Protein chains: 4
Amino acid sequence: MSTQTTDLRIGMVGYAFMGTAHSQAWRTVNRVFDLPLRARMTAVSGRDPGKVAAAAAQLGWAEHTTDWRSLITRDDIDLIDVCTPGDSHAEIAIAALAAGKHVLCEKPLANTIDEARAMAAAAVRAQAGGVRSMCGFNYRRVPAVALMRRLVADGRLGEIRHVRAVYLQDWITDPQFPLVWRLQKDKAGSGALGDIGAHIIDLTQYVTGQRISGVSALTETFVKQRPLPGDSSGLSAGDTVTGTGDVTVDDAALFVARLDGGAIATYEATRFATGRKNGLRVEINGSQGSVVFDFERMNELEFYDAALPSDEQGFSRILVTEPDHPYVAAWWPPGHLIGYEHSFTHQARDLLEAIGTGAPIAPSFTDALQVQLVLDAVERSAALGSWSEVEPALTEIAA
Amino acid sequence: MSTQTTDLRIGMVGYAFMGTAHSQAWRTVNRVFDLPLRARMTAVSGRDPGKVAAAAAQLGWAEHTTDWRSLITRDDIDLIDVCTPGDSHAEIAIAALAAGKHVLCEKPLANTIDEARAMAAAAVRAQAGGVRSMCGFNYRRVPAVALMRRLVADGRLGEIRHVRAVYLQDWITDPQFPLVWRLQKDKAGSGALGDIGAHIIDLTQYVTGQRISGVSALTETFVKQRPLPGDSSGLSAGDTVTGTGDVTVDDAALFVARLDGGAIATYEATRFATGRKNGLRVEINGSQGSVVFDFERMNELEFYDAALPSDEQGFSRILVTEPDHPYVAAWWPPGHLIGYEHSFTHQARDLLEAIGTGAPIAPSFTDALQVQLVLDAVERSAALGSWSEVEPALTEIAA
Amino acid sequence: MSTQTTDLRIGMVGYAFMGTAHSQAWRTVNRVFDLPLRARMTAVSGRDPGKVAAAAAQLGWAEHTTDWRSLITRDDIDLIDVCTPGDSHAEIAIAALAAGKHVLCEKPLANTIDEARAMAAAAVRAQAGGVRSMCGFNYRRVPAVALMRRLVADGRLGEIRHVRAVYLQDWITDPQFPLVWRLQKDKAGSGALGDIGAHIIDLTQYVTGQRISGVSALTETFVKQRPLPGDSSGLSAGDTVTGTGDVTVDDAALFVARLDGGAIATYEATRFATGRKNGLRVEINGSQGSVVFDFERMNELEFYDAALPSDEQGFSRILVTEPDHPYVAAWWPPGHLIGYEHSFTHQARDLLEAIGTGAPIAPSFTDALQVQLVLDAVERSAALGSWSEVEPALTEIAA
Amino acid sequence: MSTQTTDLRIGMVGYAFMGTAHSQAWRTVNRVFDLPLRARMTAVSGRDPGKVAAAAAQLGWAEHTTDWRSLITRDDIDLIDVCTPGDSHAEIAIAALAAGKHVLCEKPLANTIDEARAMAAAAVRAQAGGVRSMCGFNYRRVPAVALMRRLVADGRLGEIRHVRAVYLQDWITDPQFPLVWRLQKDKAGSGALGDIGAHIIDLTQYVTGQRISGVSALTETFVKQRPLPGDSSGLSAGDTVTGTGDVTVDDAALFVARLDGGAIATYEATRFATGRKNGLRVEINGSQGSVVFDFERMNELEFYDAALPSDEQGFSRILVTEPDHPYVAAWWPPGHLIGYEHSFTHQARDLLEAIGTGAPIAPSFTDALQVQLVLDAVERSAALGSWSEVEPALTEIAA
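Residues numbered from 1 in each chain as written. Chains lettered and ligands numbered in written order. Predicted model: local features only at pLDDT ≥ 70, side-chain atom pairs only at ≥ 80, totals over all residues. Heavy atoms only, no water.

**Quick look at the overall build of chain A**
This is how the line gets drawn: By the criteria applied, helices consist of DSSP H or I runs no shorter than four residues and strands consist of E runs no shorter than two, each listed in order from the N terminus. For this measure, only C-alpha atoms enter the radius of gyration; the expected value for a globule follows 2.2 Å times N^0.38, where N is the number of residues. Burial status follows relative accessibility: with a 1.4 Å probe on protein chains alone, a residue under 20% of its type maximum counts as buried, one over 50% as exposed, and anything between as partly exposed. Should any heavy atoms of two residues lie within 4.5 Å, those residues are counted as being in contact. Each accessible area value is a Shrake-Rupley result obtained with a 1.4 Å probe; residue values ignore everything except the protein chains displayed when judging cover.
Scanning chain A from terminus to terminus reveals 11 helices and 17 strands. The globule rule puts the C-alpha radius of gyration for 399 residues at 21 Å, and the 21 Å found for chain A is close to it. Seen through its C-alpha atoms, chain A measures out along the principal axes to roughly 65 × 60 × 45 Å. Burial analysis of chain A (399 residues in total) assigns 64% to the buried set. A separation threshold of at least 6 residues defines the contact pool for chain A, and within that pool the share at least 24 residues apart is 70%. Per element, the accessible surface of chain A, about 13,100 Å² overall, is 51% carbon and sulfur.

Quick look at the structure:
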């Protein structure tokens, strides 16, 4: 760590699952990577005074507050890290950008298209003044995913023909699992589609360099009523229940799609795939090769190279732990794995590097808006039973 | 083999890929299974006199002819085995049934819905007179597939929620691969959809016991023109070519679907999945468990049992080579694999058993017609860009 | 099949597990491969008149007898196929060779070193008169194994450093499993060591081209007494038992070894590896690459090529079903698997080809004797608790 | 984190690979686990003033020194964390224990048996005064390994019959790789045997609850001379070389073994397994089940349960990321992986818990001495070409 390093002072809003993961990243990133900026965990905000104090102590934040707006008005904070549920993203991020704070915002960017458009427009305006923003599609920062991107970009797969992507979970297969906020449309926006479908949309577009242009979809809610949790924040089935309520989001969303570079695709996001815990799987077939990624084996990438001798071709299991793989040189020797949290550390690394050097940052809020527009097309197609085109993001921004 | 065994005398029409596989099955079935009927390879027919004579010698048929109608009029033939391309299935099968011959017909049942309806009607009429018929969806006879069916039927998966099925090949990714007959709609009916998509439609309906009721689809032809083969029967790229012609079938077909028992599904059939040779893969998720099958590892079945203790749950790799697995007791000790051809031997076994004992046979021509109706719905949906319902097979038959 | 083909008339001795597998091979080989000789299943012999008659009918042999010597004296038999237990191999094979019959003898070649030496000497003498012999190490004929051999021979692995080979089964883990003849030294010679250990010794020597020169071993018998089977030929645990008897062979044999080309190795053969059914696994590491084979996935070969770019190296799963893989062109399209029995069909193919053309045949009886000498060194080492050199086979033959 | 938490002030000696991993653990452990003690990173020592200062800044240590003895004499340090090469372990650890400091010492415990005995004796003496010690066999703290241990302890595997363990690496296959200190016996003690062989010895003894009682071994040095590195601390091949020197340690060590509970085993440690990066693999077969672990897939455990219905048995891939798996509840949701470094965080957790509560700690220095005695038996056996018994550790301690 050179002595010229400047601090980047962070205010984080929210401290639950994502807040915990981001905290681990901010604590670790400068211990592992040499960067032009040093992350400082200045303050965290949350609604409950006692809980936010405990979280600050546990996670390593110097200060805490119950007023997220106070983070934005402080002079000694440079970046706002938005880790709240989606319904508050727009308000916080737009206010922060307006105050000249860099913003890292968790995905999905927003709960509505209108909010997302407003955020993307705010980000474009802020960028002109040197204020940077980024949406937290952390899976781009898994070394195997970045390697997949590099192979495609280097032409090793040739022309991309097929994408097949699934994100499979099973945490609500029990019909007695309660009606937590993630199963309520007014709070969560959508169900499996926005929560995990958004990840595979972003990831496959990132890797292929192609955008989804149209879709044909169906969605399903298998369990239409669930017990109400006694405690509105409860996630476990053991809480006292007080009746049942309607599930108002999708349990599963499936669609076929065309990409603007000529590829065709299938996508599936579900919370009812018994036995699949975090089954984000992507296969991409090109004219010269194929790649396969499975997040449950996130340190591996399968690669088929059709340029090898015909009797030696096969899907090769690359253990993505070599020094010349993306991000890996900073970590452990070959064969020593990294985990889920490292994707956030790499995200923090890329963001600190980009802010410090002025390099471009992706995914931008406009990129994230485009993902929202795909989600919107999926919902329209499922509702209408017809092919739906994805609306353009950039034109709207320009207007 | 008991001395009471009666011969079942077979006339086979066609001797190419499917004819070779069927011949291996007829030669082997009574050597391995104890059955009420003994297969006799009485005669084979084909158009080229020299080639059919050579095929008869090579494959073990006692006689050969260039006139398939002569097989149907002979008194010493009990069953007609139809191994020709799809455009002649209807004529041969209907004539054979009318002549009182049992019929085994390769899939897809026919190239058009009208032909398929006529065949199904003829089979129903013949059945009344004790004449039996069966369509050759051989993958049902893979032990792992039959075990999958048994697990579902025994309720081990609970309520079926999800089906995801792909059939991936890559034999025409090279744009210089010639325009063989399988790429011409007038001869082949359709492309990947009917050739391999039909298999996963039948297999998943068989295993789940549910029928596809509606679909939303897209199809694509990546390479729209190809070199004409110098020899119309040629399958290799090395032949002298005489120009180019239009590819008139789909290279790939993708669709999402609803099944009549409440499951939802994705299907994909393609010949452009680089590195996938015969990648028929099916995953089925139920409320109590899941199964996964991959034909490239056809002796294995993955099974997830959600009734096990939570810290011991996982996808189990069952090596389907135990004596209590379907069909296996007749073969080798545990851990000794069987291959592709065995599915045909098992099909022959089931057919001989059913004819000999009068037991029901599946898939019937009506079952196979229903698969054709799904293919038809897929093509309509892809053409119209809208959800398409699958027409009912049974009602039409009844009418 | 060309019209010039000459018949090779076969007399088989024994009709149990190996006899069934060999019969399938003889029935099939000329249906699949174009060969200079055509196998004729002339006669089979066995001790029980009723059983051998039934076996002949079931397996497709034209005649049957209870006197194996009559097969040897018949003029219309060209080859004796020895499928009996090991204690009769020497007598039958030596008599057949003396009578000018070609011999295919199942492994292990014999139950004692002396017998094996006598057989090897007889084979060398007979060879001078154009009479051929071969020992049935069928696993050499698995396409993936032959491909492994080719990769090593082509130098793709560089200098061979490591061999690790296991053959894992679990069929006698139950202590109530009865004392069948395979568990009695006077009948079986040895236990896991000779039955399955012999296979991995032969296979690894074949693939590497190196011979085991010395070993350090231990053997174990976990269950020292077992119920006596009521029926001495019984293999199942359900038979009436009449007391218990001593297990006189090894349940497991483990050894480390040096090979004469500089490689070092571990070997393990056991019948107590719960869950492993036919787990013949071999990994070979060379200075430039590695290969891995698992018989439970016999259509696959894993290959690591250290000459690839460092960020693309990985163990590649080659599906050994391409036309340019050994033996495969005669079978099915890519991705369509073959099974255990095909190794015997390939063995028959190679033998018919070699006899028909006069080409060399391996493994010879001398090769098989060398395997016996390794087994002998293992037993000596385990008994003495010291390193044991493998005695030379060739010198003894010469003397 | 409760307010009653007491600090445990740490002085770490050495800051290279292991020091980096330990620092990550000390920084993280209290952020993730609720513990009776809070780790404080008080000071680090190293020989080079500039490098140790940089390391302290990078890794997060409050102070730094070039004199490790100063750490031991300070009153404000409670625990000495020994991360130096093996030749200094004894001196540092014994001095620290004598000064009343708890000690965490990296493996292998020492370079010689005499040193290890002295350390174990010192630890036993110190324990009487409440001073605790532990050897850093971190792989015990991988959740899948701890689960394996739990399954064995719960009797799910029945009587243990077989252990097969390998630790495969490939970082010195290139003969031009220089003669770094790890390849020199006077500095490293031994080669692959002590470096990685020690891990699989400890791990398998821990999981099975059985101790190795005797071995038969061979060792090999494939590349006997290597270029001298220009910089004696260099690990990379690019340094200026000044000639060649002798490799004085083993490149590979192989042995068969008996365990004191009746199991038999094979072990292999090598740095020449091309393509294997950190291939620590263990399979254990018991009378009722089997487990398989592969560190390159450290979040998974394969489990075969012979108590399941026979047609459903198979090796189950348990994704060891459920809340009821060891250590996992503190981390991420199911299906979200952890990495190599987490084993050190878990080790820190267990040590803080044990010191804080007075609970037993394993592995003790006596446990680590026993591993050294196994290494010693392996070296004796390889040198003598005979079976070698492992000397008892506990008796010597008692004396």
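**Brief notes about the relation of the copies chain D and chain A**
Applied cut-off: Least-squares fitting of one copy onto the other uses the C-alpha atoms of those residues that reach a pLDDT of at least 70 in both copies.
It takes a turn of 180 degrees to lay chain D on chain A, together with a shift of 0.0 Å along the axis; the resulting RMSD is 0.0 Å. When the rotation and shift are considered jointly, the pair of chain copies conforms to a two-fold rotation axis. Nearest to the rotation axis, the C-alpha of D:Gly339 is located 2.3 Å from it, this being the minimum over chain D. When you check the interface residues of chain D against chain A, 100% turn up at the interface there too, and the contact is symmetric in its surfaces.

**A look at the confidence of the model for chain A**
For any part of a model where pLDDT is low, the fine detail of the predicted coordinates should not be relied upon. Spelled out, the test is: Confidence of the predictor at the level of single residues is captured by pLDDT, which takes values from 0 to 100.
With 94% of its residues at a pLDDT of at least 70, chain A reaches an overall mean of 94. Note on residues 395–399 of chain A: pLDDT under 50 across the span, and seven contacts to partners over four residues away in sequence or across chains.

**Let's talk about the relation of the copies chain B and chain A**
Each of the two copies of the chain can be brought onto the other by a rotation about an axis and a shift along it. For these two chains of identical sequence, chain B goes onto chain A by a turn of 180 degrees and a shift of 0.0 Å along the axis, with RMSD 0.0 Å. When the interface residues of chain B are mapped onto chain A, 100% of them again lie at the interface, so the same face is used by both copies.

**Digging into helix α2 (residues 49–59) of chain D**
Put simply, the rule reads: To obtain the arc, one takes the directions from the helix axis to the C-beta atoms. Think of a polar contact as two N or O atoms within 3.5 Å of one another; within protein, one of them needs to be a possible hydrogen donor and the other a possible acceptor, and neighboring residues in sequence only count if both atoms come from side chains.
When we look at burial in α2(D), the residues that qualify are D:Val52, D:Ala55, D:Ala56, D:Gln58 and D:Leu59. Down the axis of α2(D), the buried set is contained in an arc of 170 degrees. They therefore lie on one face. The inward-facing, buried residues of α2(D) abut α1 (17–32) of chain A together with α1 (17–32), β2 (37–45) and β3 (63–65) of chain D. Where α2(D) starts, the residue carrying a side-chain oxygen 3.0 Å from the main-chain nitrogen of D:Gly50 turns out to be D:Asp48. Positive backbone phi, at 100 degrees, marks D:Gly60, one or two positions downstream of α2(D).

**Quick look at the pattern of salt bridges**
Definition in use: Whenever Lys or Arg places a side-chain nitrogen within 4 Å of a carboxyl oxygen from Asp or Glu, that contact is recorded as a salt bridge.
Considering all chains together, one arrives at 119 salt bridges over all chains under this definition. Its salt-bridge partner being A:Glu296, residue D:Arg317 comes within 3.3 Å of it at the nearest N-O pair. With D:Arg317 in strand β16 (residues 315–319) and A:Glu296 in the loop between β14 (289–294) and β15 (300–305), the pair connects residues from two separate chains. Judged by relative accessible area, which is 15%, D:Arg317 ranks as buried. For D:Arg380, the salt bridge goes to D:Asp376, with nearest N and O atoms at 3.1 Å. Taken together, the positions of D:Arg380 and D:Asp376, both in helix α10 (residues 365–384) and four residues apart, correspond to about one turn of that helix. Via salt bridges that share partners, A:Lys107, A:Arg182, A:Asp195 and A:Arg271 belong to a single interconnected network.

**Quick word on the interface of chain B and chain A**
Selection criterion: Accessible area, probed at 1.4 Å, shrinks when two parts are joined; the buried area is that loss added up over both. Gly is put with the polar residues, along with every residue not named as nonpolar or charged; the nonpolar set is Ala, Val, Leu, Ile, Met, Phe, Trp, Tyr, Cys and Pro, and the charged set is Asp, Glu, Lys and Arg.
If you look at the interface, chain B gives 43 residues, while chain A gives 43 residues. Regarding the contact of chain B and chain A, the summed buried area is about 3,300 Å², with carbon and sulfur atoms giving 55% of it. Connecting chain B to chain A are six salt bridges. With a shortest N-O distance of 2.7 Å, A:Glu268 and B:Arg164 are connected by a salt bridge. Inspection of the region where chain B meets chain A yields 21 residue pairs in polar contact (both at pLDDT 80 or more). Elements that contribute at least two residues to the side of chain B that touches chain A include exactly β7 (160–168), β8 (212–220), β11 (252–259), β12 (264–270), β13 (279–286) and β14 (289–294) of chain B. Counted by class, the side of chain B that touches chain A contains 19 nonpolar, 16 polar and eight charged residues.

**Things to note about the interface of chain D and chain A**
Contacts between the two partners involve 41 residues from chain D and, on the opposite side, 41 residues from chain A. Here chain D packs against chain A, burying approximately 3,300 Å² in sum over the two surfaces, 52% of which is carbon and sulfur. When the buried surface of chain D facing chain A is broken down by residue, D:Arg31, D:Gln58 and D:Trp332 rank first, second and third, together holding 21% of it. Where chain D meets chain A, there are six salt bridges. Between D:Lys277 and A:Glu322 there is a salt bridge, and its shortest N-O distance comes to 4.0 Å. Where chain D packs against chain A, one counts 18 residue pairs in polar contact (both at pLDDT 80 or more). Where the side of chain D that touches chain A is concerned, the elements lending two or more residues are α1, α2, β16 and α9 (340–357) of chain D. The biggest single contributor to the side of chain D that touches chain A is α1(D), with nine residues. Of the residues that constitute the side of chain D that touches chain A, the class distribution is 18 nonpolar, 11 polar and 12 charged.

**Details of the UniProt feature "domain: Gfo/Idh/MocA-like oxidoreductase N-terminal" (unreviewed entry) in chain A**
Note the threshold: UniProt positions are given in the numbering used here, feature names are shortened, and annotations may be inferred rather than shown by experiment.
If you check UniProt for "domain: Gfo/Idh/MocA-like oxidoreductase N-terminal" (unreviewed entry), the listed places come out as residues 8–127 of chain A in our numbering. A distance of 17 Å separates the end C-alpha atoms of residues 8–127 of chain A, which is 48% helix and 22% strand.

**Observations concerning the sheet that holds strand β6 (residues 133–136) of chain C**
Residue and element names in this part refer to chain C. Cut-off, in case you're wondering: Two strands qualify as a pair provided that DSSP identifies no fewer than 2 bridges between them. Inter-axis angles, ranging from 0 to 180 degrees, are taken between N-to-C directions of lines fitted to C-alpha atoms, where helices are fitted over the stretch in contact.
Strand order in this open sheet of six strands is β3-β2-β1-β4-β5-β6, and the pairing throughout is parallel. Edge positions in the sheet fall to β3 (63–65) and β6, since each of these pairs with one other strand and no more. Adjacent strand axes in the sheet meet at a mean angle of 25 degrees, parallel and antiparallel pairs treated alike. Taken together, the eight bridges between strand β1 (residues 6–13) and strand β2 (residues 37–45) define a ladder with parallel strand orientation. When the bridges of β2 are listed, methionine 12 appears paired with valine 44.

**Observations concerning the domain arrangement of chain A**
Residues and elements named next belong to chain A. To be explicit about the condition: A domain assignment, automatic or from a database, supplies the domain bounds used here.
What the domain assignment lists for chain A is domain 1 (6–139) and domain 2 (143–297 + 299–338 + 371–381). Relative placement of domain 1 and domain 2: their C-alpha centres are 25 Å apart. Tallying the contact residues gives 16 residues for domain 1 and 23 residues for domain 2. Counting the surface lost from both domain 1 and domain 2, the interface buries some 1,600 Å², and carbon and sulfur atoms represent 66% of this. Looking only at domain 1, the three residues that lose the most surface to domain 2 are Ile113, Phe137 and Tyr139, adding up to 44% of its buried area. The tally of links from domain 1 across to domain 2 stands at one salt bridge. Residue aspartate 195 is joined to lysine 107 by a salt bridge in which the shortest nitrogen-to-oxygen separation is 3.8 Å. Across the domain 1-domain 2 interface, the total number found is five residue pairs in polar contact (both at pLDDT 80 or more). Elements with a contribution of two residues or more to the side of domain 1 that touches domain 2: α1 and α5 (113–128). Ranked by the residues each element gives to the side of domain 1 that touches domain 2, the list is headed by α5, at three residues.

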